[in-house]
Amino acid sequence: NGTTMNRVSSRSHAVFTIIVERSSARDGGGQVVTIGHLRLVDLAGSERFEASSDERHQRETQNINTSLSVFGKVVLSLTSKAKSHTPYRDSKLTRILQSSLGGNCMTTMITTVSPASTSYLESVASLKFGIRAQKVKNHAVRNEDKDEQALLSSYKSEIDQLRDQLANAAKADAEEKKRLHYASEQANEEKNIIFTQLAKQQQMAEHARAEKQKLEQKLVAMQASLLQGGKEIEKTEEFQKAVLRERERLEQEHLDQSAAVEAERLRLEEERAKLAQEKLEWENELKLLKSASLSTGLLQAKQEIHAQEAPQRSPSRRALPRSASSTQIPKAPLQPSRRTSSASSLLARRHSI
């Protein structure tokens with residue numbers, strides 16, 4: 001029955017299978033036949049049962065949905081982590097496609113959807129099914145049908161391979177035994193070394209124990225030697241005299257040290273008094289020096305003032321001849337006073353100190 005999308009649609013699943021066989025001769029004799037299957041499958045799309053009121057159309061929809069439901073169960077069983085029975089025989093479609101679903105085959109699936117909004121649910125269901133079917137894993141191997149001669153040659157080659165594996169395994173076992181023997185020898189050597197070290201430590205412990213006993217005996221003997229005539233050595237007259245002599249010696253050393261400290265203190269006090277006296281003298285000399293320099297400066301200033309006022313007091317001298325007026329009495333250089341020279345000497349002495 002046709003649909004609104006395709007009036008000549010068969011509304012059924014279509015499976016087209018091509019079987020290819022190839023025969024080839026082997027070098028050792030016999031023939032090998034290789035068989036391959038190529039299946040082209042066109043699955044009808046699932047539809048809602050309420051989409052059509054035609055009884056025939058509804059029956060076709062029911063059959064299509066039933067086969068697709070079994071196909072989905074097979075895919076779900078193959079992709080689930082739990083090991084469960086795969087219902088290949090629940091429908092003809094899954095029985096035919098058994099090798100294509102998780103078998104000896106390489107499978108490619110194309111999912112088609114409709115862009116119409118009225119087919120939204122069908123498109124979503126098809127995409128979910130395609131995503132789940134993508135997780136199915138197949139294991140493809142060569143399909144070979146061999147005659148007796150080919151089988152014998154294949155068995156012979158397989159026997160050779162097994163012999164090689166046994167030889168390799170024996171070699172590996174020999175190497176493993178050798179390694180274990182070497183490890184055992186090393187373990188024995190380490191064990192002997194540990195025993196030797198343990199014996200040495202035991203000897204050292206015994207020697208230390210003997211030394212401890214000797215020291216204890218020596219200590220007991222020393223304690224016994226402290227007693228003389230039933231009296232302790234601290235209470236004897238010789239010990240008391242020795243203690244008294246040592247005490248007097250220590251007291252004398254203490255007195256000597258105290259006297260030396262007192263003498264040093266007195267010496268430092270005298271030096272401090274001398275320094276204070278010298279400081280006082282320096283301060284007095286500094287005062288004298290300042291007063292002497294001040295008096296010298298005042299004297300020079302007075303002389304300069306008198307020298308400037310002298311021409312103003314005698315104006316008649318300007319009319320005198322140049323020879324008479326130019327006669328000048330040489331002035332004696334200013335001699336510093338005795339007080340000034342003493343101040344300078346004190347200053348030089350201060351600088352030298």
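Refer to the structure above for everything that follows.
Residues numbered from 1 in each chain as written. Predicted model: local features only at pLDDT ≥ 70, side-chain atom pairs only at ≥ 80, totals over all residues. Heavy atoms only, no water.

Trainee: I tried to follow the overall build of the protein chain on my own but got confused; where do I start?
Mentor: For the protein chain, the helix and strand inventory stands at seven helices and five strands. From first element to last, N terminus to C terminus, the protein chain shows the α and β order β-β-α-α-α-β-α-β-β-α-α-α. Classification of the 353 residues of the protein chain by burial places 12% in the buried group. Across the protein chain, the fraction of contacts at a sequence separation of at least 24, relative to all contacts at a separation of at least 6, is 58%. Carbon together with sulfur atoms contributes 56% to the accessible area of the protein chain, which is approximately 29,900 Å² in total. (Helix = DSSP H or I, 4+ residues; strand = E, 2+ residues; numbered from the N terminus. Buried < 20%, exposed > 50% of the residue type's maximum accessible area, 1.4 Å probe, protein only. Contact = heavy atoms within 4.5 Å. Areas by Shrake-Rupley, 256 points an atom, 1.4 Å probe, with all protein chains shown as cover.)

Trainee: Got a minute to help me understand the pattern of salt bridges in this structure?
Mentor: Pairing between side chains becomes possible if they bear opposite charge and their charged atoms approach one another. Tallied over the entire structure, the rule returns seven salt bridges. When the shortest N-O distance is used, the salt bridge between Arg-179 and Glu-176 registers 2.3 Å. A residue pair is termed a helical-turn pair when its members lie 3 or 4 positions apart in one helix, as Arg-179 and Glu-176 do in helix H4 (residues 148-225) at three residues. Among the residues examined, Arg-179 registers a relative accessible area of 47% and is labelled partly exposed. In this structure, Glu-262 and Arg-265 form a salt bridge, with 2.2 Å as the shortest nitrogen-oxygen distance. Taken together, the positions of Glu-262 and Arg-265, both in helix H5 (residues 237-313) and three residues apart, correspond to about one turn of that helix. Assessed through its relative accessible area of 37%, Glu-262 is described here as partly exposed. Here the salt bridges share partners, and the residues they tie into one network are Glu-246, Arg-249 and Glu-253. (Salt bridge = Lys/Arg side-chain N within 4 Å of Asp/Glu carboxyl O.)

Trainee: Teacher, can you tell me more about the packing of aromatic side chains here?
Mentor: What characterises a pair of aromatic rings is the spacing of the ring centres plus the angle enclosed by the ring planes. Under the criterion given, the structure shown has one aromatic pair. Consider the rings of Phe-71 and Phe-129, whose centres lie 5.3 Å apart with planes at 50 degrees: the pair is tilted. Of the two residues, Phe-71 sits in helix H1 (residues 55-79) while Phe-129 sits in helix H3 (residues 120-133), which places them 58 residues apart along the sequence. We classify Phe-71 as buried; its relative accessible area is 2%. (Phe/Tyr/Trp six-rings, centres within 6.5 Å; stacked < 30°, edge-to-face > 60°.)

Trainee: Explanation requested: the nonpolar core in the structure shown.
Mentor: Generally speaking, nonpolar side chains in soluble globular proteins are found buried as a group. Membership of the largest hydrophobic core is limited to nine residues, which are Phe-71, Val-74, Val-75, Tyr-88, Leu-93, Leu-97, Leu-101, Ala-133 and Val-136. Take this core: its biggest share by element is three residues, from H1. Sequence-distant contacts of Val-136, defined by excluding residues within four places in its chain, comprise Val-75, Leu-78, Thr-79, Leu-101 and Gly-102. (Core = buried A, V, L, I, M, F, W, Y, C linked by side-chain atoms within 4.5 Å.)

Trainee: What is the right way to read a nonpolar patch on the surface from this model?
Mentor: A cluster of nonpolar side chains, contributed by Phe-16, Ile-18, Val-20, Leu-38 and Leu-40, occupies part of the molecular surface with about 460 Å² of accessible area. Put simply, the parts of the chain that give the nonpolar patch at least two residues each are strand S1 (14-25) and strand S2 (31-42). No other element matches S1, which puts three residues into the nonpolar patch. Mapped onto the secondary structure, Leu-40 falls in strand S2. (Patch = residues over 30% accessible without salt bridge, like charges linked within 9 Å, V, L, I, M, F, W, Y side chains within 5 Å.)

Trainee: Please clarify how H1 should be interpreted in this entry.
Mentor: The α-helix advances 3.6 residues per turn, and as a result positions three or four apart in sequence lie on the same side. Between the first and last C-alpha of H1 there are 36 Å, a value that for 25 residues agrees with the 36 Å anticipated at 1.5 Å per step. The inward-facing, buried residues of H1 abut helix H2 (92-96) and H3. (Expected span 1.5 Å × (residues − 1).)

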